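Single-letter residue listing:
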Amino acid sequence: MSGRAGAVIIAVFLLAIFVPLAMAVPGAFGSGGGARKAISAAAFRGWYEKSFGMRDLLVRAHAVLKLRVLGVSSNRKNVIKGRDGWFYYTDENITDYYRAAYPMTTGELEKWRAGLEQTRDSLAARGIQYIFFIAPNKQTIYPDYFPASLNRINPQTRLEQLVDYMRAQSGYRMPDLRDALRGGRADGLVYSRTDTHWTSFGAYLAYAEIMREVGLRYTGAGPRPLSEFHIRQVPMSTGGLARMLGLGGRMTEYVPELVPLEPRRAVIEEKYAEGDVRIVVSRCPGAELPRAVVFHDSFMNAMIPFLAEHFRMAVFVHKSEFDTRLVDEFRPNIVIEEMVERIL
């Protein structure tokens, strides 16, 4: 290598180090000639991580390099790269969950049975129906794109154990969405490739199963048929997994979106928060069912437009724990509780 070429490489290297730092320094400790406030090391680190010059560009470049050149995730803590453009969430021990590394004990299964039956019975004593269901992990519905090296350790996941135990040991009906979602794969994308959640089509399939369960308790209730919706393919580049990789807006996939052929009747009347709890209140005059309170996580968000059409008033509570106070406040005829599988 010539001396000139070496000098150029050194210059580029130094620029790559010092230009981002120089871009971050102006205004770092205040402006003007007044006294500077002392800041802690933690505060400086937080500022530095957010203000580092060209940070977004460098994060994207790092993600693209690892993904496109090395074929691996740039954020292994949260995201793992599957096959054929599929990505999976890996935080919250979800990979160990998929591998069935920690099966439930008989005592844990019995605790679940007793808890569900107790909630059912306490609500039934007040004339309130209770439906509890679990939103399956994406790995459960699309295991074929998950890395084959992460094989099962035990024969059953915790969800499979719970479903089997409840069927054998309890009279309480717990809807199982897995067959409907797996069967729906032949007709459209049920979960997003670049997000942890189901698509609008997957949310419809889940909603249809829950409304069939509601129909067992209320004569005449049931889901709207799929023929009442137009299914269009829309681009999505804001998947949560793509954002975790630093590639939000840079990874586009087409996902099915269900649009009703007739205008929706339900309207969102109110949105508010009580601390960390977000609450959405919908009303649908003329709906066939009275009041519902729905406790849920983020998987319910795509189901709300479907479910809201069936209740004259529905209160959707984004909260992981059952809250008796809210049941007392809104006095529903039915309580629906949804929980994602990885929490089991």
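Provided above is the structure to which this section pertains.
A brief look at the structure comes next.

The rules behind these values
Residues numbered from 1 in each chain as written. Predicted model: local features only at pLDDT ≥ 70, side-chain atom pairs only at ≥ 80, totals over all residues. Heavy atoms only, no water. Helix = DSSP H or I, 4+ residues; strand = E, 2+ residues; numbered from the N terminus. Buried < 20%, exposed > 50% of the residue type's maximum accessible area, 1.4 Å probe, protein only. Polar contact = N/O pair within 3.5 Å; in protein donor to acceptor, adjacent residues only side chain to side chain. Contact = heavy atoms within 4.5 Å. Expected span 1.5 Å × (residues − 1). Axes fitted to C-alpha atoms, helices over the stretch in contact; angles between N-to-C directions. Parallel < 35°, antiparallel > 145°, perpendicular 65-115°, else oblique. Left-handed = near helix turned anticlockwise from the far one by under 90°. Nonpolar A, V, L, I, M, F, W, Y, C, P; charged D, E, K, R; others polar. Salt bridge = Lys/Arg side-chain N within 4 Å of Asp/Glu carboxyl O. Pairing = 2+ DSSP bridges.

Looking now at the environment of alanine 208. By secondary structure assignment, the location of alanine 208 is in helix α9 (residues 200-215). When the C-alpha atoms of alanine 208 and phenylalanine 306 are compared, they prove to be 8.8 Å apart, with 98 residues separating the residues in sequence.

Before going further, it helps to spend a moment on the side chain of arginine 342. Looking at where arginine 342 falls in the secondary structure, it is placed in the segment after β10 (334-340). Looking at arginine 342, the relative accessible area reads 18%, which means it is buried. Here glutamate 92 takes part through its side chain, which lies 3.2 Å from a polar atom of the side chain of arginine 342. Setting aside chain neighbours within four positions, we find arginine 342 in contact with Tyr89, Glu92, Ile94, Asn137 and Phe299.

For α9, with 16 residues, the first-to-last C-alpha span of 22 Å sits near the 22 Å given by 1.5 Å per residue. Taken across its 16 residues, α9 has 13 buried, putting it largely inside the fold.

Now for unusual backbone geometry. Positive phi is not limited to glycine here, since aspartate 84 has a value of about 55°. Within the element layout of this structure, aspartate 84 appears in the loop between β1 (79-81) and β2 (87-89).

Let us look at the packing of helix α5 (residues 106-124) against helix α7 (residues 158-169). At their nearest, the axes of α5 and α7 sit 10 Å apart, and the two run at 60° to each other. Our classification of the angle between α5 and α7 gives oblique. The handedness of the crossing between α5 and α7 comes out as right-handed. On α7, the residues touching Glu108, Leu109, Glu110, Trp112, Arg113, Leu116 and Glu117 of α5 are Arg158, Gln161, Leu162, Tyr165, Met166 and Gln169. Within the contact of α5 with α7, the residues separate by chemical class into 6 nonpolar, 2 polar and 5 charged.

A word on the pattern of salt bridges. In the structure shown here, the tally under the stated rule is 24 salt bridges. In this structure, arginine 325 and aspartate 323 form a salt bridge, with 3.9 Å as the shortest nitrogen-oxygen distance. Assessed through its relative accessible area of 43%, arginine 325 is described here as partly exposed. Owing to a relative accessible area of 10%, aspartate 323 belongs among the buried residues under this scheme.

Where burial is concerned, most of β10 is hidden: 7 out of the 7 residues are buried. One ladder, built from 7 bridges, connects strand β3 (residues 129-135) with β10; its direction is parallel. Looking at β10, one finds that isoleucine 131 is bridged to isoleucine 336. Where strand β8 (residues 289-296) and β10 come together, 4 bridges link them in parallel fashion. In the strand pairing of β10, valine 293 is matched with valine 335.

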